[in-house]
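Examining the three-dimensional arrangement
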Amino acid sequence: LYVYGKWVTAGTLLAYVNDQGDDLLVGKVLGASSLGFYQTAYKISNLPTTQGAGLVYQIIFPLFSQIQTDLVRLRRGLVKALLVTFTLSLGFAVAVWLSAPLVIKILLGERWLTMLPALNVLLLYGIMRPITSVGAALFDAIGKPKTVFGIGLTRLVFLLVLIWPLTKNWGIVGTSWAVVVSQAAALPQFIYQFKKTLK
């Protein structure tokens, strides 16, 4: 339990740094106004994941735990979970992309349209995040939280390398691209671990 809990705790701390580090840099480099635009764009673009990630984990983790030795059922469950969460996130992203200019203008005012380019970029991040949530539930359920930590570390390295120059040159749009690219960079590792675990 200690070994398992150690990696779960480390992975949780790493996820927190990954999720909050961009806010810290934007506030420091671009100021409070840009931070407000960025945080609002982030929250809107990731609404299904931020609201549903905990719920998805709570549902999938015990299910995967019960069938952790049955590779056929694990494979089937993983595919279904990924398809459902990805479809929902993609549908939400398309709806936001189409309606955001009008909705933001009506609800928040024209000044908030400044965040629209960053929002459109972060929608890509919102589409990719379900893979992380489902993957974390799978690896934790089969006793491999170290894998989740390793993938989070990959994402953090890419984020640290990219976020400063992109934010400095392109503002919150650059920050958004740093977040998207760092998430995308971790996906091959996820796919490799899926295949390695479930083959």
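Cut-offs applied
Residues numbered from 1 in each chain as written. Predicted model: local features only at pLDDT ≥ 70, side-chain atom pairs only at ≥ 80, totals over all residues. Heavy atoms only, no water. Helix = DSSP H or I, 4+ residues; strand = E, 2+ residues; numbered from the N terminus. Rg over C-alpha atoms; globule rule 2.2 N^0.38 Å. Phe/Tyr/Trp six-rings, centres within 6.5 Å; stacked < 30°, edge-to-face > 60°. Buried < 20%, exposed > 50% of the residue type's maximum accessible area, 1.4 Å probe, protein only. Expected span 1.5 Å × (residues − 1). Contact = heavy atoms within 4.5 Å. Core = buried A, V, L, I, M, F, W, Y, C linked by side-chain atoms within 4.5 Å. Polar contact = N/O pair within 3.5 Å; in protein donor to acceptor, adjacent residues only side chain to side chain. Salt bridge = Lys/Arg side-chain N within 4 Å of Asp/Glu carboxyl O. pLDDT = per-residue confidence, 0-100.

A word on the overall build of the protein
- Helix and strand counts for the protein stand at six helices and zero strands.
- In the protein, the succession of α and β elements from N to C terminus is α-α-α-α-α-α.
- For 199 residues, the compact-globule formula gives about 16 Å, and the C-alpha radius of gyration of the protein, at 18 Å, lands near that figure.
- Projected onto its principal axes, the C-alpha coordinates of the protein cover approximately 55 × 30 × 25 Å.

Quick notes on the packing of aromatic side chains
- In total, this model carries seven aromatic pairs according to the counting rule given.
- Geometrically, the ring pair formed by phenylalanine 139 and phenylalanine 190 is stacked, given 6.2 Å between the ring centres and 25 degrees between the ring planes. Highlighted residues: phenylalanine 139 in helix α5 (residues 116-141) and phenylalanine 190 in helix α6 (residues 145-198), separated in sequence by 51 residues. You'll find phenylalanine 139 and phenylalanine 190 in the same group, each marked buried.

A closer look at helix α1 (residues 2-30)
- Its 29 residues give α1 an end-to-end C-alpha distance of 42 Å, which sits within 8% of 42 Å, the value for a rise of 1.5 Å per residue.
- Within α1, burial applies to Gly11, Leu14, Asn18, Asp22, Asp23, Leu25 and Val26.
- Looking at the packing, one finds that the buried side of α1 touches α2 (32-45) and α6.
- Looking one or two residues beyond α1, the residue adopting positive phi is glycine 31, at roughly 100 degrees.

Things to note about the nonpolar core
- Counting 29 residues, the largest nonpolar core has Tyr38 and Leu119 as its most contacted members.
- The set of elements that each furnish at least two residues to this core consists of α1, α2, α4 (71-107), α5 and α6.
- Of the residues forming this core, the biggest block, nine residues, is contributed by α5.
- Not counting residues within four places of it along the chain, the set of residues in contact with tyrosine 38 comprises Asp22, Asp23, Val26, Leu122, Ile172, Thr175, Ser176 and Val179.
- Ile67, Phe139, Val148 and Phe194 belong to the second largest nonpolar core, which has 19 residues in total.

Thoughts on the side chain of threonine 197
- Of note, threonine 197 is situated in helix α6.
- Judged by its relative accessible area of 12%, threonine 197 is buried.
- Here the side chain of threonine 197 touches glutamine 193 through a polar contact of 2.7 Å, landing on its backbone oxygen.

Some remarks on the pattern of salt bridges
- Under the criterion given, the structure shown has two salt bridges.
- Measuring nitrogen to oxygen at the nearest pair gives 3.8 Å for the salt bridge that ties lysine 105 to glutamate 110.
- For glutamate 110, a relative accessible area of 54% gives the class exposed.

Brief notes about the confidence of the model for the protein
- Confidence along the protein averages 87 in pLDDT terms, with 96% of residues attaining 70 or more.
- Highest mean pLDDT in the protein belongs to α6 (91); lowest belongs to helix α3 (residues 47-66) (73).

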